[in-house]
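Coordinate analysis (summary)
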Amino acid sequence: METATTIMSIRAHITGFAAALCLSAFPGSPVIPVAAHAQGAIDGLVTGAGSGAPVIGAEVRLVGRSRPTYTGTNGRFTLDNINAGEYEIRVARIGFRVHRSVVSVDTGTVAVSIELSPAAFRLSEIVVTPGHFGVMEVQMPASQQTLTREDIETIPQLGEDIFRAVKRLPGIAADDISTKLNVRGGTDQELLVRIDGMELYEPYHLKDFDAVLGIMDVNSLGGVELVTGGFPVEHGDKLTGVFDMQSRTPPLRGARTALGLSIMNLSFMSQGGLAGGKGQWLVAARRGYLDIALALTGGDDDLSPKYYDVFGKFQYRPHPNHRLSAHTLHANDGLRVRDDEFDLDSGWNSNYGWLTWEATFPAGATVTTTAYGGRVTRNRLGEAEEIGRISGPEFADVADDRRFLFAGVKQDMTYELSDRAMLKVGADLKSATADYDYFSATRTIIVTPDGELGHRFDTTAVGVEPSGNEVGAYVAARVRPVDAITAEVGVRYDRISHTGDDDWAPRMLLSVDLLQGTTLRGSWGRYFQSHGLHELDVGDGETAFFPSDRAEQVALGLDHRFGGGLNLRLEAYHRAMSDLRPRYVNADREIQAFPETEGDRLRIDPTEARARGVEFLLARDQGRRLAWSISYVLAKAEDRVDGRWIPRTLDQRHALGLHFAYRPTRQWQLSWSWQFRTGWPATASTFAVDTLTDGTLQLARDPGPLNALRLPSYHRLDVRLTRNFFIKSNVLQVYFDIFNLYNRHNLRSYDYGVSVRDGRVLVTQFDGDELLPVLPSLGVRWEF
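Overview of the structure. Since the model is a prediction, treat every value here as computed from it, not as a measurement. (Residues numbered from 1 in each chain as written. Predicted model: local features only at pLDDT ≥ 70, side-chain atom pairs only at ≥ 80, totals over all residues. Heavy atoms only, no water.)

1. Focus: the sheet that holds strand β5 (residues 85–92)
Going by this rule: By this definition, two strands are paired if DSSP reports at least two bridges between them. Secondary structure elements follow DSSP: runs of H or I of four or more residues count as helices, runs of E of two or more count as strands, with numbering from the N terminus.
Taken together, four strands build an open sheet; the order of strands is β3-β2-β5-β6 and the sheet is antiparallel. Edge positions in the open sheet fall to β3 (69–70) and β6 (99–105), since each of these has one partner strand only.

2. Examining the sheet that holds strand β4 (residues 76–82)
Inclusion rule: In this description, a line fitted to the C-alpha atoms serves as the axis of each element, helices being fitted only across the stretch in contact, and the angle between N-to-C directions of two axes falls anywhere from 0 to 180 degrees.
Strand order in the open sheet formed by three strands is β4-β1-β7, with mixed pairing between adjacent strands. Each having just a single partner strand, β4 and β7 (109–116) make up the two edges of the open sheet. Strand after strand, the sheet turns through a mean of 20 degrees between neighbouring axes, direction not considered.

3. A look at the packing of aromatic side chains
Rules: Planes of paired rings set the category: under 30 degrees apart is stacked, over 60 is edge-to-face and the rest tilted, where pairs are Phe, Tyr or Trp rings (Trp by its six-membered ring) whose centres lie within 6.5 Å. Geometrically, a lysine NZ or arginine CZ counts as sitting over a ring once it is within 6 Å of the ring centre and also within 35 degrees of the ring normal.
Per the counting criterion, the structure on display carries 14 aromatic pairs. Pairing F660 with W672 gives two aromatic rings, centres 4.9 Å apart and planes at 20 degrees, and the pair type is stacked. With F660 in strand β39 (residues 654–662) and W672 in strand β40 (residues 668–677), the pair connects residues that are twelve residues apart, well separated along the chain. Three or more aromatic residues joined by ring pairs make a cluster, and in this case those are Y201, Y352, Y372, F404 and F406. The ring of W680 has R677 sitting right over it, with the charged end atom 3.8 Å from the ring centre. Sitting above the plane of the Y735 ring, R720 keeps its charged end 3.9 Å from the centroid.

4. Some thoughts on the side chain of R507
As a reminder, the rule being used: In this scheme, a residue with accessible area under 20% of its type's maximum is buried, one over 50% is exposed, and one in between is partly exposed, where area comes from a 1.4 Å probe on protein chains only. In this tally, Lys and Arg are treated as positive and Asp and Glu as negative; His is ignored, and so are the chain termini. Counted as salt bridges are all cases of a side-chain nitrogen of Lys or Arg within 4 Å of a carboxyl oxygen of Asp or Glu.
If you trace the backbone, R507 turns up in strand β30 (residues 501–515). Comment: no salt bridge for buried R507; closest opposite-charge side chain is D494, at 6.0 Å.

5. Some thoughts on a negative patch on the surface
Note the cut-off: Patch building starts from residues that exceed 30% relative accessible area and form no salt bridge, then joins like charges within 9 Å and nonpolar side chains (Val, Leu, Ile, Met, Phe, Trp, Tyr) within 5 Å. To measure how exposed things are, a 1.4 Å probe is used in the Shrake-Rupley method; for residues, cover is taken only from the protein chains shown. Each charge is placed at NZ for Lys, CZ for Arg, CG for Asp and CD for Glu.
On the surface, D302, D339, D340 and E341 cluster together into a patch of negative charge. Counting through the fold element by element, D302 comes out in the loop between α4 (290–296) and β21 (303–319). Accessibility expressed as a relative area gives 33% for D302, which makes it partly exposed.

6. Re the environment of Y308
So the rule is basically this: By definition, residues are in contact when any of their heavy atoms lie within 4.5 Å. Counting of polar contacts relies on pairs of N or O atoms within 3.5 Å, with two restrictions inside protein: one atom must be capable of donating a hydrogen and the other of accepting it, and residues adjacent in sequence are counted only when both atoms are side-chain atoms.
Within the element layout of this structure, Y308 appears in strand β21. Separated by 43 residues in the primary sequence, Y308 and N265 have C-alpha atoms spaced 8.8 Å apart. Setting aside residues no more than four positions away along its own chain, Y308 makes contact with H205, R286, R287, H330, A331 and N332. One polar contact links Y308 to H330, side chain to side chain, over a distance of 3.1 Å.

7. Examining unusual backbone geometry
Not every positive phi belongs to a glycine, and D210 is a case in point at roughly 70 degrees. Mapped onto the fold, D210 is located in the loop between β14 (204–205) and β15 (213–214). Under the relative-accessibility criterion, D210 is labelled buried at 18%. The backbone phi angle of R589 is positive, close to 55 degrees, even though this residue is not glycine.

8. Brief notes about the pairing of strand β24 (residues 365–385)
Here 19 bridges tie strand β23 (residues 342–360) to β24, and the two strands are oriented antiparallel to one another. Note on β24: the bridge partner recorded for Y352 is G374. Once β23 ends, the chain turns through four residues before running back antiparallel as β24, passing G364 with a positive phi of about 105 degrees. As paired elements, β24 and strand β25 (residues 395–418) share 21 bridges and run antiparallel to each other. Residue L381 lies in a different strand from β25, and its bridge partner there is A399.

9. Notes on a nonpolar patch on the surface
A contiguous nonpolar surface patch, about 530 Å² in accessible area, is contributed by L259, F268, V283, Y308, V310, W782 and F784. Tracing the backbone shows W782 in strand β49 (residues 775–783). On the basis of relative accessibility, which here comes to 37%, the residue W782 falls in the partly exposed class.

Shown next as structure tokens:
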């Protein structure tokens, strides 16, 4: 079938649309009025409380404005072009408590003096987990932000997507097209993805294209914590890591709105405060217009991909120690393809809603209670036909209708017994049901015993409605016997009714401050991942659920902060996996609308697996005129199949990343990013004519040996130029981005041409799908 060709043709349409956008959507440089000096300004000094010494490199931000400034060597800063009014100012620096206060601005210059108190951090705030990355506004003791909000807005990327932005962090494998995050040799399904405490089961848009974007707009996010090492017991039912997103904290007063336009999306975000700061709200909506883009560039009217998402939250503080919040997230995808050989209608729909009560009690207990529910659906209907194809079915017809509904309640509590001892307990109760209605039919060419061409028909039909309950509970104790040592020991229990699993997972974490600025972190733990109700491979004929996958992981990490904003991270890990359920993959790794019907479909039954590696990251602190980072990863991920160790699908032995950002002024930034990795594994195929029991001849494909080949090495260079225009208290940001600047032809797969002559099978191997070519784009974002 030519389904891959049809689907992948969108790359060419996107490229053409990007060029059209650069040439016509913004025909000239915008004329921006210069802000008048009659506006107000803030001239400030930041010092350490008690010492009076200037604090260098502190981030100073007016809450709601997207661009921060930083204190110089004398501790001073200036914020200008500010309309008259009251603003909440936020000052943050590692080693100090975050400062928040309200400043009144008139038409002149307001002088402020801010004292930062040394961080007498609560025990619960200390990072004891190796492989912990704080992104955007997440700052933790002894742990620098890896990427700030300014970095996310200005680093080269497609689609303004948070999943794409964090691909540059060590330990993550991903290709150009997909946003799926594969952590340390694991699959994307082994990563827990959450927003404001809510687990997302299908967090991607355009999943028929291998998940092009995430369903959370980056403009609505306030921070992200990515844990690639051993995560603690409050997170369960996943093997490799946690991707924990938090939405923005709206300003206590006033409102801010942002509009964005890029080659992928049109976005809107608004946030504000009410009731004297007791209430806050945020709403974000995004509409992808690939369907419109294809029409504008003369694309096929019969190819129409579209998507949108909406996120909203409202929170209210009836008391300073209590906060109630309501959240909703809705995401929708639709794809229609029509041509002479291919017909597809596909739709995905995700709905989440949850209510949260957070309470802090005088005795030292903090309790978070959440009631949640959701519904995820998938509908896929279509057929494909390639007359005369002998390397697989020449015809396939698929009808696929799935539903997954869930509801539950969870509670987490931390109780600080003293400043050196803390207890964590929690529980999660969930009920879920799924509905699978699947049918596929294929037609394959055969040769009958009398030498005539014929056909063999195969069908797969599955109709099941599984349901079940899940119970999770954990308890952990964290202690700090001396100032330099923090340890946590805990155990987690998960009961999964539809698989019959009873999983106990003990875990230990340790953080040791060796020297000034040097921290050693280690973890050991057992991890389990159950076969989810929504994960049944009915397209491959599966009707039963498998027991939980199991893993035991050890990780050891070293962080050191040099002077001058230079930070070093070293980490080593080893993960051993067992009791793994089968995986289904396509040997040719092409993007297919109906991958389960293709002739290269494989079932992998590993008896065990292992992943190990060493990660290195050296970065110069953000907020400076020149910021950069260098990362290198040496890793190996393998499955044991039929007694042999073979590379996993995304095994990459070597990976190197170089990232630079130059900010000569607040108005300009030039960023570039270069990435290199060794080629991913590929599977060679041989073909032969088999004689069936009735004498029928059929072309058979032998996919072995599995993953014995390697694709060529991958590398590319991305560049982005960003210009910020400050208009009164508003910001207009315009950027020009070039993806894959030198147009490197990176392969996604190998392909095969097959023919039969005189009873002999002739096979030609050639380069298959390529990843994205050079792709220029232009975008604009206005915040007011």
